[in-house]
Amino acid sequence: MKIAGFTYVRNGFDYGVPFLESIQSVLPICDEMIVAVGDSNDGTREAIVHLNSPKIKIIDTVWNMQLREGGKVFAQQANIALDQVEADWCLHIQSDEVFHEKDLEYIKTQIELNHEDQRVEGFILPFVHFWGGYDHIRNTRRVHNFEIRIFRNHIGVRSYRDSQGFRKYQSFEAYENGTEKGEKLRVKKLDATVYHYTGIRSPDAYAKKVAMFQSYYTSPEALEKKLANHDYQMHSVDRTIPFTGSHPAIMHAKVAAQNWEYRYKKELSVWHKNDKLLQPIEDFLGIKFGEYKNYKLIKS
């Protein structure tokens, strides 16, 4: 039984994502690591080569900005990497996600234990979403609690929507033309956290990152209008709370290098109307109303 990791990245340094740490965090349990590297001009490709790992296989790509609607370019890049995977199991990690070393052996063991059980098509993992600084996480109904990050190969899986999750398809042609919605994967839940560092930026870098990221979802004209009428300060978020756990060891240098201070400012928080009403109820009950689940959970 073999496991292959796959990911994609373009101008990782400009985006300020920990793409090198991301790749390295899963290498110990991967027999191979497929990295689709987009047309970058900030040294991203060279840095990945410099990791000097025989497990890493780079696929050079050019991002099609005509696929910006809904972030389709992200799904396209994930599929390009996925198509190069020959192993029994696929482990997807995005360039702003890192696995903790304490969970790696557990993850590998769970895959091995379920390898012969054909009911199990994949695994969901819990997420913690860092925001503002390495000592705060966003914990509201607007962030996803679980996502599929591990699944069987050779069962017709494609990246779903903007590569947030995955589904299986009878026809890749139907997937491409949008006539097949796909079938949710049957999954088990793993107690191994994905550390999501998407919101870690200095105030200036955060504004730059948001502008760049949104360019993959909207036209230049719509983006200009959006930027002119929106406050992208990192404090404009619904809620964050202090993080009291431990970061993956591969992230310790970045954590120590943080040279700005972030503190949640309730008076600057921005809530969707329904969220502001529902969040206190969800906090009290410990449940999430209408939670989006792009998977079928196997309970036994």
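This is a predicted model, so every value here is computed, not measured.

S.K.: Would you explain a nonpolar patch on the surface in this entry?
M.R.: The grouping of Ile-281, Phe-284, Leu-285, Ile-287 and Phe-289 at the surface amounts to a nonpolar patch, some 510 Å² of accessible area in total. Inspection of the secondary structure assignment puts Ile-281 in helix 10 (residues 273–285).

S.K.: Can you walk me through the packing of aromatic side chains in this structure?
M.R.: What characterises a pair of aromatic rings is the spacing of the ring centres plus the angle enclosed by the ring planes. The full count for this structure, using the stated rule, is 13 aromatic pairs. Between Phe-6 and Phe-166 the ring centres are 6.0 Å apart and the planes differ by 70°, which places this aromatic pair in the edge-to-face class. Of the two residues, Phe-6 is situated in strand 1 (residues 3–9) and Phe-166 in strand 10 (residues 165–168); the sequence distance between them amounts to 160 residues. Phe-166 matches Phe-6 in its accessibility class, with the two residues each being buried. Between the aromatic rings of Phe-130 and Tyr-197, the centroid separation amounts to 4.7 Å while the plane-to-plane angle is 10°, which identifies the pairing as stacked. A residue pair is termed long-range when its members are at least 10 positions apart, and Phe-130 in strand 6 (residues 122–131) and Tyr-197 in strand 13 (residues 194–199) qualify at 67 residues. The two residues Phe-130 and Tyr-197 agree in class, both being buried. What links up through ring pairs into an aromatic cluster is the set Phe-130, Tyr-134, Tyr-195, Tyr-197 and Phe-243.

S.K.: Would you mind going over the nonpolar core with me for this structure?
M.R.: Nonpolar side chains in soluble globular proteins generally cluster together in the buried interior. Membership of the largest hydrophobic core comes to 33 residues, with the highest contact counts inside it found for Ile-48, Phe-99, Ile-107, Leu-125 and Ile-150. For this core, the elements supplying multiple residues, two or more each, are strand 1, helix 2 (19–26), strand 2 (32–37), helix 3 (44–50), strand 4 (89–92), helix 5 (104–114) and strand 6. Sequence-distant contacts of Phe-99, defined by excluding residues within four places in its chain, comprise Ser-25, Val-26, Leu-91, Ile-93, Leu-104, Ile-107, Leu-125, Val-194 and Pro-248. Val-73, Val-85, Val-157 and Tyr-295 belong to the second-largest nonpolar core, a separate cluster that totals 23 residues.

S.K.: For this particular structure, what's the right way to read the environment of Ile-111?
M.R.: Note on placement: Ile-111 falls in helix 5. Among the residues examined, Ile-111 registers a relative accessible area of 0% and is labelled buried. Expressed as a C-alpha distance, the spacing of Ile-111 and Phe-123, which sit 12 residues apart in the sequence, is 8.6 Å. Setting aside chain neighbours within four positions, we find Ile-111 in contact with Met-1, Ile-3, Trp-89, Phe-123 and Ile-150.

What counts and what doesn't
- Numbers given for residues are sequential positions, taken from 1 along each chain in its written order.
- Owing to the predicted nature of the model, reporting of local features is limited to residues with pLDDT of at least 70; listing and counting of side-chain atom pairs is limited to 80 or more, with chain, interface and lining totals taken over all residues.
- Note that water and hydrogens are dropped before the side-chain values are worked out from all heavy atoms of the structure.
- Only residues whose relative accessible area exceeds 30% and that form no salt bridge are eligible for patches; like-charged ones are grouped when within 9 Å, while nonpolar side chains (Val, Leu, Ile, Met, Phe, Trp, Tyr) are grouped when within 5 Å.
- Method for areas: the Shrake-Rupley scheme with a 1.4 Å probe, in which residue coverage is limited to the protein chains shown.
- Basic side-chain nitrogens of Lys or Arg form a salt bridge, by our definition, when they fall within 4 Å of a carboxyl oxygen of Asp or Glu.
- Here a helix means four or more residues in a row that DSSP labels H or I, a strand means two or more in a row labelled E, and each is numbered from the N terminus.
- We call Phe, Tyr and Trp rings a pair once their centres come within 6.5 Å, taking the six-membered ring for Trp, and we label the pair stacked below 30 degrees between planes, edge-to-face above 60, and tilted otherwise.
- Each residue gets one of three labels from its accessible area relative to the maximum for its type: buried under 20%, exposed over 50%, partly exposed in between, using a 1.4 Å probe on protein chains only.
- What makes a nonpolar core is a set of buried Ala, Val, Leu, Ile, Met, Phe, Trp, Tyr and Cys residues whose side-chain atoms join them at distances within 4.5 Å.
- Only heavy atoms matter for contacts: two residues are in contact if any of them lie within 4.5 Å across the pair.

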